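# Observations on the model geometry
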Amino acid sequence: MNAPFDRAREDVGNIVHLEHVNLLIPDQRLATLFYVVGLGLTRDPYLMVGVTNMWVNIGRSQMHLPSRQPVAQRMCGTIGLILPDLDRAERSLASVRTDLSGTAFGFKRHDGALEVTCPWGNRFRCHAPDPAHGAIDLGMPYVEFDVPAGTADRIAAFYEAILGAPSRVDEVDGVACAHVHTGVHQTLRFREGANDLPEYDGHHVAIYIADFSSPYRKLLDRNLVSVETGQYEWRFQDIVDLQTGETLFTVEHEVRSLTHPLFARPLVNRNPDQTQPAYARGLDRFAGRA
């Protein structure tokens, strides 16, 4: 019998979800203005509600923003977001421009996306909902890192062999970019061309994996497990050449099992168009696809 479908197109791989990006920030007030008021996202109402940390919900993913004054971490790359209405987001970002003056904050439309810089220099690329990014109206489809030239193929090979994540290398704007599947319509991207990368400052990404022990053993054999967090979590930082052991790029991965208590935790996402003067009962929640 001839198979009528290409089943491999639906393979997700061992990494099933890219959950959060963690960046230290010095000022939660400015973070609230940027993430909640400006981008229209939602502060998690249940966890990390004090003044030393805040979690910001983006569909099924999050930003984690601990405060460690005066430290601010800067990711060398770009965080991709899907927002339901870019026009609305642009108006909201404009509304916080004065309050964020004197910081690195800025935004502009470019090639159909909204390029945004947070108060501490982290870059975001906001897209409108599009089938190319999956059937979602709010989410984090990718995190893209700037990496040295000549590393994309070897980075893709690392994730394939160690993490069991389907990976490919495409040309993007004339340079090689590794795309690593990290869940349904989510990727970690590693885009070549960066020169004189700044020293890694400790920011991290969190992923959930189905086969929790095999990648752990492979990394342990290479002395690459950096933190033994607990029964449901371990961490590693260095992405290496599988043949030589050369470190290609460094970013901490918080690796969680599917038995982790927080896996698939429902996240609250608000309707940012709901206002007190024009309140409409029953429309508090985000009604789109997340």
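One structure accompanies this document, and this report is about it.

Cut-offs used in this document
Residues numbered from 1 in each chain as written. Predicted model: local features only at pLDDT ≥ 70, side-chain atom pairs only at ≥ 80, totals over all residues. Heavy atoms only, no water. Phe/Tyr/Trp six-rings, centres within 6.5 Å; stacked < 30°, edge-to-face > 60°. Helix = DSSP H or I, 4+ residues; strand = E, 2+ residues; numbered from the N terminus. Buried < 20%, exposed > 50% of the residue type's maximum accessible area, 1.4 Å probe, protein only. Lys NZ or Arg CZ within 6 Å of the ring centre and 35° of its normal. Polar contact = N/O pair within 3.5 Å; in protein donor to acceptor, adjacent residues only side chain to side chain. Core = buried A, V, L, I, M, F, W, Y, C linked by side-chain atoms within 4.5 Å. Contact = heavy atoms within 4.5 Å. Axes fitted to C-alpha atoms, helices over the stretch in contact; angles between N-to-C directions. Nonpolar A, V, L, I, M, F, W, Y, C, P; charged D, E, K, R; others polar. Salt bridge = Lys/Arg side-chain N within 4 Å of Asp/Glu carboxyl O. Pairing = 2+ DSSP bridges.

## Let's talk about the packing of aromatic side chains
- Following the criterion strictly, the structure yields 15 aromatic pairs and no others.
- Seen in terms of ring centroids, Phe34 and Phe124 are 5.7 Å apart; in terms of plane orientation they differ by 50°. Their pairing is tilted. Here Phe34, found in helix H1 (residues 28-38), pairs with Phe124, found in strand S8 (residues 123-127); they are 90 residues apart in sequence, far enough to count as distant. For the pair shown, Phe34 and Phe124 are each scored as buried.
- Geometrically, the ring pair formed by Phe105 and Phe107 is tilted, given 5.8 Å between the ring centres and 50° between the ring planes. Judged on exposure class, the residue Phe105 and its partner Phe107 are both buried.
- Among the aromatic side chains, those forming a connected cluster through ring pairs are Phe145, Phe158, Tyr159, Phe190, Phe212, Tyr216, Trp234, Phe236 and Phe249.
- A cation over an aromatic ring shows up here: Arg189 above the ring of Tyr142, its NZ or CZ 3.8 Å from the ring centre.

## Concerning H1
- By the criterion of burial, H1 is predominantly enclosed, with eight of the eleven residues buried.
- For H1, the full list of buried residues reads Gln28, Leu30, Ala31, Leu33, Phe34, Tyr35, Val36 and Gly38.
- For H1, the N-terminal capping position is held by Asp27, with its side-chain oxygen 2.8 Å away from the main-chain nitrogen of Arg29.
- At the C-terminal side of H1, Gly40 shows a positive phi close to 80°.

## Here's the deal with the nonpolar core
- In terms of nonpolar packing, the biggest core is built from 67 residues, with Phe34, Tyr35, Met63, Phe145, Phe158, Tyr159 and Phe190 touching the most fellow members.
- A per-element tally of this core places helix H3 (residues 152-163) first, with seven residues.
- Not counting residues within four places of it along the chain, the set of residues in contact with Phe190 comprises Phe145, Val147, Ala152, Ile155, Tyr159, Ala176, Cys177, Ala178, Val180, Ile239 and Phe249.

## A short note on the side chain of Glu254
- Mapped onto the secondary structure, Glu254 falls in strand S16 (residues 247-257).
- Note on Glu254: relative accessible area 4%, which makes it buried.
- Polar side-chain contacts of Glu254 include one of 3.0 Å to the side chain of Arg235.
- Residues contacting Glu254, with those up to four places away along its chain left out, are His20, His204, Val205, Ala206, Ile207, Glu233, Trp234 and Arg235.

## Topic: the environment of Pro261
- Take Pro261: it is sitting in the segment after S16.
- When the C-alpha positions of Pro261 and Tyr232 are compared, they lie 8.4 Å apart, and in sequence the two are 29 residues distant.

## Points about the packing of H3 against helix H4 (residues 213-221)
- Relative to each other, H3 and H4 sit at 115°, their axes nearing to 8 Å. On H4, the residues that touch Phe158, Ala161, Ile162 and Leu163 of H3 are Pro215, Lys218 and Leu219.
- When the residues that make up the contact of H3 with H4 are grouped by side-chain class, the tally is six nonpolar, no polar and one charged.

## Structural notes on the pattern of salt bridges
- Summed over all chains, the structure comprises 19 salt bridges.
- Between Arg123 and Asp146 there is a salt bridge whose closest N-O contact spans 3.0 Å. Pair noted here: Arg123 is in strand S8 and Asp146 is in strand S9 (residues 139-147), with a separation of 23 residues, a long-range link.
- A relative accessible area of 36% places Arg123 in the partly exposed class.
- Between Asp170 and Arg168 there is a salt bridge, with its nearest N and O atoms 2.6 Å apart.

## Digging into the pairing of strand S12 (residues 187-192)
- Counting buried positions along S12 yields six of six residues, so the element is predominantly enclosed.
- One ladder, built from six bridges, connects S9 with S12; its direction is parallel. Bridge assignment links Asp146 to a residue of S12, and that residue is Arg191.
- Where strand S11 (residues 175-181) meets S12, five bridges bridge the pair, whose relative direction is antiparallel. In the strand pairing of S12, His179 is matched with Arg189.

## Examining the sheet that holds strand S1 (residues 15-22)
- Here eight strands make up an open sheet; going across it, the order is S2-S3-S4-S1-S13-S16-S15-S14 and the pairing mixed. With partners counted over all chains shown, the strands left at the sheet margins are strand S2 (42-43) and strand S14 (225-230), one partner each.
- With seven bridges joining them, strand S15 (residues 233-240) and S16 adopt antiparallel strand pairing. Considered in S16, the bridge of Phe236 is made with His253.
- Lying on the sheet, H4 is in contact with strand S13 (204-209), S14 and S15; it crosses S14 at an angle near 135°.

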